[in-house]
Amino acid sequence: MAPSHATENGPVGPHPSYIQIAKPYIFDHQIEKCMRTAGIPEAKDDSIRLQGVAWIDSVRKALHLPVRTYNTAVVYYHKFRLIHPDTNGFIDAAGAALFAACKIEDTLKKSKEILCAAYNLKLPPAEQVTPDDPMFESHSKVIIGLERLMLEASGFDFRNRSPQKLVLKLAKYYRVDRETVGKTAYNISLDLYRTFAPLKQTTPAMAAACVELSGRIHEKHIEALEASKDYRRWRITRPQVMETMLDLLDLYTHHRGSTAVGPDHALEQFISVRITLNQEASTQEFPRFTETPFKNAKANGVKATNGATKHKNKKSVLSPRDDPIQSIRSPQEVVPVSGTPSNGKPGLRDGTVRFMLDPERVRYEKHAVAEFFKEEEEEYEVEVERERRRV
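Residues numbered from 1 in each chain as written. Predicted model: local features only at pLDDT ≥ 70, side-chain atom pairs only at ≥ 80, totals over all residues. Heavy atoms only, no water.

Caption draft 1: A look at the pattern of salt bridges. Across all of its chains, the model carries 24 salt bridges by this definition. With a closest N to O distance of 2.9 Å, D46 and R49 form a salt bridge. Remark: R49 and D46 occur in helix α2 (residues 42–62); sequence separation between them is 3 residues, near one turn of the helix. In this structure, D46 and R49 share a single accessibility class: buried. Close ionic contact of K61 with D57 constitutes a salt bridge, the shortest N to O distance being 3.6 Å. (Salt bridge = Lys/Arg side-chain N within 4 Å of Asp/Glu carboxyl O. Helix = DSSP H or I, 4+ residues; strand = E, 2+ residues; numbered from the N terminus. Buried < 20%, exposed > 50% of the residue type's maximum accessible area, 1.4 Å probe, protein only.)

This is the structure we're talking about:
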């Protein structure tokens, strides 16, 4: 039974509970807020993020897991670290993300098998161990324990996006060279998950950015794609694709050695492409980040009115979770777990936390529940006759 919701006049009934709506998209300003709240330096956060993704990639290759499992694991890893920033390491979070992704994508692997594959990567074939080794017992329990937090951080949202299939279709549609532009575009789609772009963009936006950036790197421009001719049928915009390409170029500029495409090309090539895109963004006045509440934001290295988009109080279709539901006391913002709740017990809240996918259902429940928690007061005027004082 849910605990009672107490007030100054005593308990008034069960707590209305918290409702957390699934967050299929997390935008840049929310990511920045989480990083500021966590207090982790940007350089250290980038290092932990890239090491965790590299660990997931190497282990999934050792276990011969498909790319969709890698995509899901990395997205869960990013979401988990936004809520539970780990300053001491990345192996536990990366292992739990891969373990959960194997279940979600129906490529089941035991936690001991994942740990054993990671351990054997450092050993020659003659010295490799089996998953039944007792050394993995304690660490396996840690990963199983983190699985619940991993699912809670994602809001129990199992809707995942994999752009690789669409990248191959676009490469075939635009008739690009398969061995150069096509292969590089596929590798770029893998490097894309080393950034936060998969949390922010749709599958068509990511796929179009990978194919266009590959063509620009090989100096084989795809005119129809760069001219945004097919964007309307995919329901994407040029600023979304531009933001994704600039995120990738930030990765290739600062962490080229940690990527699959970076070592194959010179740094000057990425800088040249980045300058061209910044000039286009400056001319068209595209925002650096398409969804942001801040104004007068500058582009990446460009002095221009390359600020935020004008929302005009319109609710984003991509982010219905931002609609505040005050009556149900729903924690809508993505904020790292810190501090102590009002009940004084760390890790516990006053009420139950429930996870929902449909925002309309949450709004309906808000209005239904709010009727039972209204504090209504009525005023009465009563005339009282005073008795005359006897003489």
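Still more to cover.
Caption draft 2: Looking closely at the layout of surface pockets. As a volume, the second largest pocket reaches approximately 550 Å³. Surrounding the second largest pocket, 21 residues form its lining, E32, E42, D46, R49 and D250 being those nearest its centre. Breaking the lining of the second largest pocket down by element, the ones donating at least two residues are α1 (28–38), α2 and α13 (238–254). When its residues are assigned to classes, the lining of the second largest pocket shows 7 nonpolar, 4 polar and 10 charged. (1 Å grid on protein atoms, 1.4 Å probe; cavity = no way out; pocket = protein on both sides within 12 Å on 5 of 7 lines; lining within 4 Å. Points joined across faces, edges and corners; volume = space filled by probe spheres on them. Nonpolar A, V, L, I, M, F, W, Y, C, P; charged D, E, K, R; others polar.)

Caption draft 3: The arrangement of α1 in detail. Of all the positions in α1, only D28, Q30, I31, C34 and M35 are classed as buried. Down the axis of α1, the buried side of the element spans an arc of 165°, and every buried residue falls inside it. Contacts made by the buried residues of α1 are with α2, α3 (67–83) and α9 (197–200). Once α1 finishes, G39 follows within two positions and takes phi at roughly 75°, a positive value. (Arc of directions from axis to C-beta. Contact = heavy atoms within 4.5 Å.)

Caption draft 4: Structural view of the pairing of strand β3 (residues 18–21). A two-sided burial pattern is seen for β3, the buried positions comprising Y18 and Q20 on one face and I19 and I21 on the other. As judged from the 4 bridges shared by β3 and strand β4 (residues 353–356), these two strands associate in the parallel manner. Its bridge partner being in β4, Q20 is matched across the sheet by F355. (Pairing = 2+ DSSP bridges.)

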